[in-house]
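Notes for the structure review
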Amino acid sequence: TRPITIKTLNERRSAGQPFSCLTAYDATMARLAGNAGIEVLLIGDSLGMVLQGHTSTLPVTLEDMVYHTRCVARAETASLIMADLPFMTNITTSQTLEAAGRLMQAGAHMIKLEGEAWLAETVTALTQRGIPVCVHMGLTPQSVHALGGYRVQGRDSQQGDVMLEAARTLEQAGAGVILLECVPRELAGRIRTALSVPVIGIGAGPDVDGQILVMHDMLGATTGKAPRFVKNFMTESGSIEGAFRAYHEAVKARDFPAPEHCF
Ligand code: KIV
Ligand code: NA
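Residues numbered from 1 in each chain as written. Chains lettered and ligands numbered in written order. Predicted model: local features only at pLDDT ≥ 70, side-chain atom pairs only at ≥ 80, totals over all residues.

Concerning the site of ligand 1
Near ligand 1, the surroundings consist of Thr23, Leu42, Gly44, Asp45, Ser46, Asp84, His136, Leu179, Glu181, Ile202, Ile212 and Val214. Broken down by class, the residue content of the shell around ligand 1 amounts to 5 nonpolar, 4 polar and 3 charged. (Near = placed C-beta within 6 Å. Nonpolar A, V, L, I, M, F, W, Y, C, P; charged D, E, K, R; others polar.)

Things to note about the UniProt feature "binding site: Mg(2+)" (unreviewed entry) in the chain
Sequence positions flagged by UniProt for "binding site: Mg(2+)" (unreviewed entry) are, in local numbering, Asp45, Asp84 and Glu114. Taken along the chain, the residues just named run across 70 residues; in space they keep tight, none of their C-alpha pairs more than 11.0 Å apart. Relative to the helices and strands, aspartate 45 is located in the loop between β2 (40–43) and α3 (47–50). Setting aside its immediate chain neighbours within four residues, aspartate 45 contacts Thr57, Val60, Met65, Asp84 and Pro86. One can find glutamate 114 in strand β4 (residues 110–114). Overall, glutamate 114 belongs to the buried group, with 23 C-beta atoms counted inside 10 Å. For glutamate 114, the contacting residues outside a window of four places in its chain are His136, Thr140, Gln142 and Ser143. (UniProt positions renumbered as here; feature names shortened; annotations may be inferred. Helix = DSSP H or I, 4+ residues; strand = E, 2+ residues; numbered from the N terminus. Contact = placed C-beta atoms within 7 Å. Buried ≥ 20, exposed ≤ 12 C-beta atoms within 10 Å, placed from the backbone.)

Some details on the UniProt feature "active site" (unreviewed entry) in the chain
Per the UniProt annotation, the sites labelled "active site" (unreviewed entry) are Glu181. Relative to the elements of secondary structure, glutamate 181 occurs in strand β6 (residues 177–181). Contacts of glutamate 181, omitting those with residues within four sequence positions, involve His136, Gly138, Leu139, Ile202, Gly203 and Ala204.

Here we look at helix α8 (residues 157–173)
If you check α8, its first and last C-alpha atoms are 24 Å apart, about what 17 residues at 1.5 Å a residue would give, namely 24 Å. Those residues of α8 lying buried are Met163, Ala166, Ala167, Leu170 and Glu171. Looking straight down α8, one finds its buried side chains confined to an arc of 140 degrees; they lie on one side. Facing away from the buried surface of α8 by more than 90 degrees, the exposed residues are Ser157, Gln158 and Gln172. Looking at the buried positions of α8, the neighbouring elements they touch are α6 (120–128), β5 (133–138), β6 and α9 (185–194). Immediately beyond the C-terminal end of α8, within one or two residues, lies glycine 174, with a positive phi of roughly 125 degrees. (Expected span 1.5 Å × (residues − 1). Arc of directions from axis to C-beta.)

Some remarks on unusual backbone geometry
Most peptide bonds adopt trans geometry, and most residues besides glycine take a negative phi value. A cis amide bond links phenylalanine 256 to the next residue, proline 257, at an omega of 0 degrees. Following the sequence through the fold, proline 257 ends up in the segment after α11 (240–252). With phi around 65 degrees, methionine 88 is a residue other than glycine that occupies positive phi space. Here methionine 88 is to be found in the loop between β3 (80–84) and α5 (93–105). Despite not being glycine, cysteine 182 shows a phi value in the positive range, around 50 degrees. Turning to its location among the elements, cysteine 182 is positioned in the loop between β6 and α9.

So, the confidence of the model for the chain
On average, residues of the chain score 97 in pLDDT, and 100% of them reach the 70 mark or higher. We note a pTM of 0.98 for the whole complex and an ipTM of 0.99 for its interfaces. (pLDDT = per-residue confidence, 0-100.)

So, the packing of helix α4 (residues 62–73) against α5
The description of two packed helices rests on the angle between their axes and on the distance between the axes. It is at 8 Å that the axes of α4 and α5 come closest, and there the two elements cross at 20 degrees. Accordingly, the angle class assigned to the pair α4 and α5 is roughly parallel. In the packing of α4 onto α5, the handedness of the crossing is right-handed. Touching Leu62, Met65, Val66 and Thr69 of α4 are Ala99, Arg102 and Leu103, all from α5. Its residues assigned to classes, the contact of α4 with α5 comprises 5 nonpolar, 1 polar and 1 charged. (Axes fitted to C-alpha atoms, helices over the stretch in contact; angles between N-to-C directions. Parallel < 35°, antiparallel > 145°, perpendicular 65-115°, else oblique. Left-handed = near helix turned anticlockwise from the far one by under 90°.)

Quick notes on the sheet that holds β2
The 8 strands lie next to each other as β1-β2-β3-β4-β5-β6-β7-β8, forming a closed barrel whose pairing is parallel. Within the sheet, the average angular offset between the axes of one strand and its neighbour, ignoring direction, is 25 degrees. The pairing of β5 with β6 spans 5 bridges and is parallel. If you follow methionine 137 over to β6, its bridge partner there is leucine 180. Where α8 meets the sheet, its contacts fall on β5 and β6, and the angle it forms with β5 comes to roughly 175 degrees. (Pairing = 2+ DSSP bridges.)

So this is what it looks like as C-alpha coordinates:
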(Lines give C-alpha, C1' and ligand atoms only; values in the text may rest on other atoms or scores of the structure.)
(Ligands and ions follow the chains in the order given, each with its own letter.)
Protein backbone atom coordinates (compact mmCIF):
# COMPACT_ATOMS: atom_id res chain seq x y z
CA THR A 1 0.00 0.00 0.00
CA ARG A 2 1.06 3.55 -0.68
CA PRO A 3 2.39 5.47 2.29
CA ILE A 4 -0.01 7.97 3.84
CA THR A 5 1.39 11.49 3.66
CA ILE A 6 0.20 14.98 4.52
CA LYS A 7 -0.99 15.09 0.91
CA THR A 8 -3.21 12.04 1.51
CA LEU A 9 -4.82 13.76 4.51
CA ASN A 10 -5.52 16.84 2.40
CA GLU A 11 -7.05 14.64 -0.31
CA ARG A 12 -9.25 12.92 2.28
CA ARG A 13 -10.41 16.32 3.50
CA SER A 14 -11.20 17.53 -0.04
CA ALA A 15 -13.09 14.33 -0.82
CA GLY A 16 -15.06 14.51 2.43
CA GLN A 17 -13.67 11.13 3.51
CA PRO A 18 -12.99 10.96 7.25
CA PHE A 19 -9.68 9.35 8.31
CA SER A 20 -8.71 7.45 11.44
CA CYS A 21 -5.85 8.15 13.82
CA LEU A 22 -4.72 6.23 16.89
CA THR A 23 -1.96 6.56 19.44
CA ALA A 24 0.79 3.93 19.27
CA TYR A 25 3.87 3.52 21.43
CA ASP A 26 5.46 0.24 20.29
CA ALA A 27 6.19 -1.71 17.11
CA THR A 28 3.74 -4.59 17.58
CA MET A 29 0.68 -2.43 18.17
CA ALA A 30 1.77 -0.04 15.43
CA ARG A 31 1.96 -2.96 12.98
CA LEU A 32 -1.53 -4.15 13.92
CA ALA A 33 -2.95 -0.61 13.62
CA GLY A 34 -1.21 -0.12 10.29
CA ASN A 35 -2.61 -3.45 9.01
CA ALA A 36 -6.08 -2.25 10.00
CA GLY A 37 -5.70 0.77 7.75
CA ILE A 38 -5.36 3.46 10.43
CA GLU A 39 -4.07 6.51 8.57
CA VAL A 40 -2.16 8.30 11.35
CA LEU A 41 -0.22 6.83 14.28
CA LEU A 42 0.51 9.32 17.05
CA ILE A 43 3.26 8.75 19.55
CA GLY A 44 1.37 10.74 22.14
CA ASP A 45 2.82 12.04 25.36
CA SER A 46 -0.23 10.28 26.82
CA LEU A 47 2.38 7.53 27.21
CA GLY A 48 3.26 9.28 30.46
CA MET A 49 -0.11 8.17 31.77
CA VAL A 50 -0.89 4.87 29.98
CA LEU A 51 2.66 3.43 29.94
CA GLN A 52 4.53 5.17 32.73
CA GLY A 53 1.73 5.48 35.28
CA HIS A 54 1.94 9.22 35.88
CA THR A 55 -1.22 11.23 36.56
CA SER A 56 -0.40 13.77 33.82
CA THR A 57 1.78 14.14 30.73
CA LEU A 58 4.11 16.67 32.39
CA PRO A 59 6.88 14.23 33.45
CA VAL A 60 7.42 12.90 29.89
CA THR A 61 10.86 13.72 28.47
CA LEU A 62 12.12 14.19 24.93
CA GLU A 63 14.22 11.01 25.42
CA ASP A 64 11.03 9.07 26.21
CA MET A 65 9.39 10.41 23.04
CA VAL A 66 12.42 9.62 20.88
CA TYR A 67 12.55 6.04 22.21
CA HIS A 68 8.87 5.33 21.51
CA THR A 69 8.98 7.07 18.13
CA ARG A 70 11.84 4.76 17.12
CA CYS A 71 9.82 1.73 18.28
CA VAL A 72 6.77 2.76 16.23
CA ALA A 73 8.82 3.71 13.17
CA ARG A 74 10.39 0.22 13.09
CA ALA A 75 6.94 -1.23 12.36
CA GLU A 76 7.30 0.21 8.85
CA THR A 77 3.58 0.70 8.33
CA ALA A 78 1.99 2.80 5.58
CA SER A 79 0.61 5.12 8.28
CA LEU A 80 1.75 8.69 8.75
CA ILE A 81 3.75 8.92 11.98
CA MET A 82 3.13 11.93 14.19
CA ALA A 83 5.06 12.53 17.43
CA ASP A 84 4.30 14.84 20.35
CA LEU A 85 6.72 17.47 21.57
CA PRO A 86 6.67 16.95 25.33
CA PHE A 87 6.12 19.55 28.06
CA MET A 88 8.61 22.44 28.14
CA THR A 89 10.46 21.60 24.94
CA ASN A 90 9.06 24.80 23.43
CA ILE A 91 10.64 27.45 25.65
CA THR A 92 12.45 29.06 22.74
CA THR A 93 12.01 28.56 19.02
CA SER A 94 15.53 27.17 18.67
CA GLN A 95 14.89 24.62 21.42
CA THR A 96 11.67 23.58 19.69
CA LEU A 97 13.48 23.19 16.38
CA GLU A 98 16.13 20.96 17.97
CA ALA A 99 13.57 18.81 19.77
CA ALA A 100 11.43 18.47 16.64
CA GLY A 101 14.54 17.54 14.65
CA ARG A 102 15.28 14.70 17.08
CA LEU A 103 11.75 13.34 16.68
CA MET A 104 11.96 13.56 12.88
CA GLN A 105 15.30 11.72 12.92
CA ALA A 106 13.69 9.07 15.14
CA GLY A 107 11.16 8.43 12.38
CA ALA A 108 8.33 10.95 12.75
CA HIS A 109 6.78 12.48 9.63
CA MET A 110 5.06 15.30 11.49
CA ILE A 111 5.31 16.75 14.95
CA LYS A 112 2.49 17.92 17.21
CA LEU A 113 2.67 20.62 19.82
CA GLU A 114 0.15 22.18 22.15
CA GLY A 115 -0.70 25.85 22.11
CA GLU A 116 -2.57 28.82 20.74
CA ALA A 117 -1.90 31.84 18.52
CA TRP A 118 1.35 32.61 20.37
CA LEU A 119 2.88 29.52 18.69
CA ALA A 120 2.65 31.10 15.22
CA GLU A 121 6.31 32.10 14.95
CA THR A 122 7.51 28.64 16.03
CA VAL A 123 5.14 26.95 13.59
CA THR A 124 6.58 29.04 10.76
CA ALA A 125 10.16 28.25 11.79
CA LEU A 126 9.40 24.51 11.82
CA THR A 127 7.62 24.46 8.46
CA GLN A 128 10.39 26.54 6.86
CA ARG A 129 12.78 23.75 7.81
CA GLY A 130 10.60 21.04 6.31
CA ILE A 131 8.97 19.84 9.50
CA PRO A 132 5.18 19.49 9.11
CA VAL A 133 3.31 20.68 12.18
CA CYS A 134 0.05 19.75 13.87
CA VAL A 135 -1.15 22.18 16.53
CA HIS A 136 -3.16 20.66 19.40
CA MET A 137 -5.80 23.11 20.67
CA GLY A 138 -8.77 23.12 23.05
CA LEU A 139 -8.03 20.86 26.02
CA THR A 140 -4.24 20.83 26.03
CA PRO A 141 -3.22 18.27 28.68
CA GLN A 142 0.22 19.84 29.26
CA SER A 143 -1.72 22.86 30.63
CA VAL A 144 -3.92 20.79 32.95
CA HIS A 145 -2.82 22.78 36.01
CA ALA A 146 -3.56 26.11 34.32
CA LEU A 147 -6.92 24.83 33.05
CA GLY A 148 -7.94 23.52 36.49
CA GLY A 149 -8.50 19.96 35.31
CA TYR A 150 -9.36 17.96 32.21
CA ARG A 151 -12.44 19.88 31.09
CA VAL A 152 -14.23 20.88 27.90
CA GLN A 153 -12.85 24.08 26.32
CA GLY A 154 -14.58 26.78 24.27
CA ARG A 155 -18.00 26.36 25.82
CA ASP A 156 -18.81 30.07 25.84
CA SER A 157 -19.02 31.78 22.49
CA GLN A 158 -16.30 34.34 23.21
CA GLN A 159 -13.81 31.57 24.10
CA GLY A 160 -14.90 29.78 20.95
CA ASP A 161 -14.28 32.84 18.77
CA VAL A 162 -10.79 33.22 20.23
CA MET A 163 -10.03 29.58 19.46
CA LEU A 164 -11.30 29.93 15.90
CA GLU A 165 -9.19 33.05 15.31
CA ALA A 166 -6.13 31.30 16.76
CA ALA A 167 -6.67 28.32 14.45
CA ARG A 168 -6.80 30.70 11.47
CA THR A 169 -3.59 32.41 12.61
CA LEU A 170 -1.82 29.06 13.00
CA GLU A 171 -2.96 27.86 9.59
CA GLN A 172 -1.57 31.07 8.09
CA ALA A 173 1.67 30.48 10.02
CA GLY A 174 2.01 27.12 8.27
CA ALA A 175 0.28 24.53 10.47
CA GLY A 176 -0.54 21.52 8.28
CA VAL A 177 -3.08 19.98 10.64
CA ILE A 178 -5.11 21.27 13.61
CA LEU A 179 -6.14 18.87 16.38
CA LEU A 180 -9.05 19.80 18.65
CA GLU A 181 -9.52 18.06 22.00
CA CYS A 182 -12.72 18.30 24.05
CA VAL A 183 -14.51 21.18 22.37
CA PRO A 184 -18.25 21.41 21.66
CA ARG A 185 -19.23 19.73 18.42
CA GLU A 186 -20.64 22.97 17.01
CA LEU A 187 -17.39 24.89 17.59
CA ALA A 188 -15.27 22.11 16.06
CA GLY A 189 -17.47 22.19 12.96
CA ARG A 190 -17.13 25.96 12.70
CA ILE A 191 -13.33 25.76 12.99
CA ARG A 192 -13.19 22.98 10.38
CA THR A 193 -15.23 25.12 7.98
CA ALA A 194 -13.06 28.19 8.56
CA LEU A 195 -9.84 26.33 7.69
CA SER A 196 -8.54 24.62 4.59
CA VAL A 197 -6.18 22.19 6.37
CA PRO A 198 -7.36 18.87 7.87
CA VAL A 199 -8.82 19.04 11.38
CA ILE A 200 -8.53 16.01 13.70
CA GLY A 201 -10.83 15.71 16.69
CA ILE A 202 -10.94 13.86 20.00
CA GLY A 203 -14.10 14.64 21.94
CA ALA A 204 -14.83 17.21 19.23
CA GLY A 205 -17.72 15.54 17.44
CA PRO A 206 -18.16 14.17 13.92
CA ASP A 207 -17.93 17.39 11.89
CA VAL A 208 -14.14 17.27 11.43
CA ASP A 209 -11.83 15.44 9.01
CA GLY A 210 -10.15 12.87 11.25
CA GLN A 211 -10.78 11.16 14.58
CA ILE A 212 -8.21 10.09 17.16
CA LEU A 213 -8.35 8.03 20.34
CA VAL A 214 -5.81 6.81 22.86
CA MET A 215 -5.23 3.13 22.01
CA HIS A 216 -5.66 1.86 25.57
CA ASP A 217 -9.04 3.59 25.84
CA MET A 218 -10.54 2.13 22.66
CA LEU A 219 -9.28 -1.34 23.66
CA GLY A 220 -11.15 -1.06 26.94
CA ALA A 221 -7.92 -0.93 28.92
CA THR A 222 -8.82 2.33 30.67
CA THR A 223 -8.16 2.20 34.40
CA GLY A 224 -10.46 4.59 36.18
CA LYS A 225 -13.34 6.37 34.49
CA ALA A 226 -13.16 6.59 30.68
CA PRO A 227 -13.86 10.03 29.23
CA ARG A 228 -17.26 10.57 27.59
CA PHE A 229 -15.79 10.62 24.06
CA VAL A 230 -14.26 7.12 24.35
CA LYS A 231 -15.80 4.05 22.77
CA ASN A 232 -14.61 0.54 23.63
CA PHE A 233 -14.20 -1.28 20.29
CA MET A 234 -12.84 -4.46 21.91
CA THR A 235 -16.20 -5.76 23.18
CA GLU A 236 -17.65 -6.10 19.69
CA SER A 237 -14.43 -7.37 18.07
CA GLY A 238 -12.76 -9.94 20.27
CA SER A 239 -9.22 -9.21 19.08
CA ILE A 240 -6.91 -6.23 19.09
CA GLU A 241 -6.58 -6.03 15.31
CA GLY A 242 -10.36 -6.56 15.04
CA ALA A 243 -10.92 -3.60 17.36
CA PHE A 244 -8.60 -1.44 15.24
CA ARG A 245 -10.50 -2.45 12.09
CA ALA A 246 -13.88 -1.79 13.74
CA TYR A 247 -12.71 1.67 14.80
CA HIS A 248 -11.32 2.44 11.34
CA GLU A 249 -14.57 1.33 9.66
CA ALA A 250 -16.72 3.24 12.17
CA VAL A 251 -14.78 6.45 11.48
CA LYS A 252 -15.04 5.96 7.69
CA ALA A 253 -18.78 5.32 7.93
CA ARG A 254 -19.22 8.31 10.30
CA ASP A 255 -20.70 5.91 12.87
CA PHE A 256 -18.13 7.14 15.37
CA PRO A 257 -18.35 9.49 17.18
CA ALA A 258 -22.05 9.06 17.97
CA PRO A 259 -24.04 11.78 19.79
CA GLU A 260 -23.30 10.24 23.21
CA HIS A 261 -19.55 10.81 22.59
CA CYS A 262 -19.97 14.54 21.89
CA PHE A 263 -20.08 17.74 23.92
O1 KIV B 1 -0.93 12.33 23.79
C2 KIV B 1 -1.96 11.98 23.18
O3 KIV B 1 -2.37 10.81 23.17
C4 KIV B 1 -2.69 13.00 22.44
C5 KIV B 1 -4.00 12.61 21.84
C6 KIV B 1 -5.02 12.44 22.90
C7 KIV B 1 -4.48 13.58 20.83
O8 KIV B 1 -2.23 14.11 22.34
NA1 NA C 1 -0.43 14.53 23.67
